[in-house]
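Analysis of the macromolecular model
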Amino acid sequence: MQQKELVLNEIMLPNKANWAGNIHGGEIMKMMDSAAFAVASRYCRGNVVTARVDELIFHQPVKVGDLVTCNVKIIFTGKTSLEVKTTILGDELKEGHSPMLVLSAFITMVALDRNGKPTSVPELEINDDQEAKEFANALNRYTLRKKSGKRAKELVN
Ligand SMILES: CC(C)(COP(=O)(O)OP(=O)(O)OC[C@H]1O[C@@H](n2cnc3c(N)ncnc32)[C@H](O)[C@@H]1OP(=O)(O)O)[C@@H](O)C(=O)NCCC(=O)NCCS
């Protein structure tokens, strides 16, 4: 069975807050990126880098003292890249509400060899209908990216 999922938990402390008492969005994004790196690196048994983040949405603010749970899952593999679905939940421990979705995103990671060049990733096993649906949606994003990639490079040059 492939190891394609991972969960990271962290209590949010005041050193990550802004003056309003909410946690900086960048701190949450860093956690998202760290979890995506960990799941992808373990899956590839090697180094990976973040190439792209798609559809990043902050759904709710995170407050000091909240327990944040970052769930990551590899949902697609290309040749040397893979896509990680990320959802982060925030739990206001003292309030006793159900954890709420605070962030969602799709992150593309690229596997690198010892010389820092893209290298092939293990092909993803699809185990059920939900995974087949996630793979198909990710394949759609991958295909659109391939088509728009050249134009994106022109935009920044
Ligand atoms: C990501 C990176 C290794 C790609 O290198 P490259 O020479 O463009 O590689 P290629 O064109 O051969 O593409 C390799 C794979 O990456 C994917 N890829 C490259 N750029 C991408 C982008 N911007 N978005 C999504 N996928 C991308 C390609 O689709 C390809 O996937 P596939 O093999 O599954 O089809 C390179 O752009 C890089 O090092 N970027 C910086 C990454 C980094 O430092 N991240 C941390 C930020 S602090």
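Scroll up to find the structure.
Residues numbered from 1 in each chain as written. Predicted model: local features only at pLDDT ≥ 70, side-chain atom pairs only at ≥ 80, totals over all residues. Heavy atoms only, no water.

1. Some details on the sheet that holds strand S5 (residues 100–112)
One open sheet holds the 5 strands; their spatial order is S1-S3-S4-S5-S2, and the pairing between them is antiparallel. The sheet is open, and its two borders are formed by strand S1 (5–11) and strand S2 (47–58), each paired with just one other strand. When the angles between neighbouring strand axes are averaged without regard to direction, this sheet yields 25 degrees. Packing of helix H1 (residues 25–44) onto the sheet brings it into contact with S1, S2, strand S3 (67–77), strand S4 (81–91) and S5, and relative to S2 it is tilted by some 135 degrees. (Pairing = 2+ DSSP bridges. Helix = DSSP H or I, 4+ residues; strand = E, 2+ residues; numbered from the N terminus. Axes fitted to C-alpha atoms, helices over the stretch in contact; angles between N-to-C directions. Contact = heavy atoms within 4.5 Å.)

2. Topic: the site of the ligand
The environment of the ligand is made up of 15 residues, and the closest members are Lys79, Thr80, Ser81, Tyr142 and Lys146. Here an oxygen atom of the ligand sits 2.7 Å away from a polar atom, N or O, in the side chain of Thr80. Side-chain polar atom of Lys146 to an oxygen atom of the ligand: 2.8 Å apart, as the coordinates give it. For the ligand, the accessible surface in isolation is 920 Å², of which the surrounding protein chains cover 49%. At the level of elements, S2, S5 and helix H2 (129–156) are the ones that each hand at least two residues to the shell around the ligand. Grouping the amino acids of the shell around the ligand by side-chain chemistry returns 6 nonpolar, 5 polar and 4 charged. (Near = heavy atom within 4 Å. Polar contact = N/O pair within 3.5 Å; in protein donor to acceptor, adjacent residues only side chain to side chain. Areas by Shrake-Rupley, 256 points an atom, 1.4 Å probe, with all protein chains shown as cover. Nonpolar A, V, L, I, M, F, W, Y, C, P; charged D, E, K, R; others polar.)

3. Description of a nonpolar patch on the surface
Residues Met29, Val53, Leu56 and Phe58 make up a contiguous nonpolar surface patch of about 300 Å² in total accessible area. Here the element with the most residues in the nonpolar patch is S2; it accounts for 3 residues. Structurally, the position occupied by Leu56 is in strand S2. Judged by relative accessible area, Leu56 falls into the partly exposed class, the value being 32%. (Patch = residues over 30% accessible without salt bridge, like charges linked within 9 Å, V, L, I, M, F, W, Y side chains within 5 Å. Salt bridge = Lys/Arg side-chain N within 4 Å of Asp/Glu carboxyl O. Buried < 20%, exposed > 50% of the residue type's maximum accessible area, 1.4 Å probe, protein only.)

4. Quick notes on the packing of aromatic side chains
Under the definition given, this model contains 2 aromatic pairs. Taking 5.0 Å as the distance between ring centres and 45 degrees as the angle between the ring planes, the aromatic pair formed by Phe76 and Phe135 counts as tilted. Taken as a pair, Phe76 in strand S3 and Phe135 in helix H2 lie far apart in primary sequence, 59 residues in all. By relative accessible area, Phe76 is classed as buried at 3%. By relative accessible area, Phe135 is classed as partly exposed at 23%. Clustering of aromatic rings is evident, with ring pairs tying together Phe76, Phe135 and Tyr142. Of note, Arg141 hangs over the ring of Phe106, and the distance from its end group to the ring centre comes to 3.6 Å. (Phe/Tyr/Trp six-rings, centres within 6.5 Å; stacked < 30°, edge-to-face > 60°. Lys NZ or Arg CZ within 6 Å of the ring centre and 35° of its normal.)

5. Concerning the pattern of salt bridges
This structure, assessed with the given rule, holds 9 salt bridges. Across the pair Arg52 and Asp54 runs a salt bridge, and its minimum N-O distance is 3.0 Å. Relative accessible area serves as the criterion here: at 36%, Arg52 is assigned to the partly exposed category. The salt bridge partner of Asp54 is Arg145, with a shortest N-O separation of 3.1 Å. Placement of Asp54 in strand S2 and of Arg145 in helix H2 is noted, with a sequence separation of 91 residues between them.

6. Notes on the environment of Trp19
Structurally, Trp19 can be placed in the loop between S1 and H1. Overall, the relative accessible area of 84% leaves Trp19 in the exposed class. Sequence spacing of Trp19 and Gly116 is 97 residues, and the spatial spacing of their C-alpha atoms is 40 Å.

Any functional reading would require information beyond the geometric quantities listed.
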